[in-house]
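Descriptive analysis of the structure
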Amino acid sequence: MPPVKIGVLISGHGSNLQALIDQITTGKINGQITVVISDRKDAYGLIRAETHQLNAVFVDRKSCSTETEFNRKILAVLTNNEVQLIVLAGYLRILSGEVVHAYHNRIINIHPALIPSFCGQGYYGKKVHQAVLDYGVKLTGATVHFVDEGTDTGPIISQRAVAVERDDTVESLQNKVLNLEHQLLPEAVMLYCAGKLKIDGRKVWRIEDEKSVN
Ligand code: GRF
């Protein structure tokens, strides 16, 4: 099967992008990253992309008069690079309905909490882990899901949990959850690229065994 053409959208450090690059390099993922797009010129993830000779593109929101125009620019870059699967790897903007419709059930996002907890508007980065600590939950973790028109509301592909310890801080939680993300996201992309994910309404199953993806 030819490799799935992947477009990765980032806004920052790009450690999840790096995890994808590494797993593609080892051959575990039948995919090819044809473009990395960032809405932040200073995103370290763009450096990571260039280091691996990947097509790295900065799309400047300030050069667009509206969010719609900005998303159309993103869509044009994706189309020009023949992207078949979009992966949001720390991308901090909300995609327009136009992009979501164009890539229905072909956009995967990673969120640093166990959706439907600590997600949605305003829950990103360290704010998520601070909310986890403030609430006093005993478990947190990472979620990989398909993107729909909402914020962190699409069908869940997989989740992995980790205990919240008494001495945990925002930073220690962020590190523990990132470690999970770096496993979970490449696994989900590998299954997608192998044609092993079946979407049934809000439910996502791994085709070969019809069990939960985890
Ligand atoms: C990760 O915690 C991810 O869950 C969230 O943004 C962060 C991105 O980290 N969406 P990185 O840029 O992949 O290192």
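Everything here concerns the structure above.
Residues numbered from 1 in each chain as written. Predicted model: local features only at pLDDT ≥ 70, side-chain atom pairs only at ≥ 80, totals over all residues. Heavy atoms only, no water.

Focus: the sheet that holds strand β6 (residues 139-146)
Backbone hydrogen bonds hold the strands of a sheet together, and the pairing may be parallel or antiparallel. Condition: Strand pairing is assigned whenever DSSP identifies at least 2 bridges connecting the two strands. In this text, helices come from DSSP runs of H or I with a minimum length of four residues, and strands from runs of E with a minimum of two, each type numbered from the N-terminal end. To obtain each axis, a line is fitted to C-alpha atoms, and for helices this fit is confined to the stretch in contact; angles are then taken between N-to-C directions over 0 to 180 degrees. Note on definitions: a residue-residue contact is assigned when non-hydrogen atoms from the two residues lie within 4.5 Å.
Spatial ordering of the open sheet is given by β3-β2-β1-β4-β5-β6-β7, a layout of 7 strands whose pairing is mixed. Two strands close off the open sheet at either side, each with one partner strand: β3 (56-58) and β7 (156-163). Sheet twist, expressed as the mean angle between neighbouring strand axes with direction ignored, is 20°. Here strand β1 (residues 4-10) pairs with strand β2 (residues 31-38) via 7 bridges, running parallel. Across the sheet, the residue bridging to Ile 10 is Ser 38, located in β2. The strands touched by helix α1 (residues 15-25) within the sheet are β1, β2, β4 (85-88) and β5 (107-111), with β2 carrying the most contacts at an inclination of about 160°.

Some points on the site of the ligand
Convention followed: We call a residue near a molecule or strand when any one of its heavy atoms sits within 4 Å of it. Here the open area of atoms and residues is found with the Shrake-Rupley method and a 1.4 Å probe, where only the protein chains shown may cover a residue. Each residue gets one label: Ala, Val, Leu, Ile, Met, Phe, Trp, Tyr, Cys and Pro are nonpolar, Asp, Glu, Lys and Arg are charged, and the others, such as Gly, are polar.
All residues adjacent to the ligand are His 13, Gly 14, Ser 15, Asn 16, Gly 90, Ile 110, His 111, Pro 112, Leu 178 and Glu 181. Against a free-state accessible area of 360 Å², the protein chains account for coverage of 87% of the ligand. Elements with a minimum of two residues in the shell around the ligand: α1, β5 and α6 (170-193). Here the residues of the shell around the ligand are counted per class, giving 3 nonpolar, 6 polar and 1 charged.

Describing the side chain of Asn 81
This is how it is decided: Only protein chains enter the accessibility calculation, which uses a 1.4 Å probe; a residue whose area is less than 20% of its type maximum is buried, one above 50% is exposed, and one in between is partly exposed.
With respect to the secondary-structure elements, Asn 81 resides in the loop between α3 (67-80) and β4. The exposure class assigned to Asn 81 is buried, which follows from its relative accessible area of 18%.

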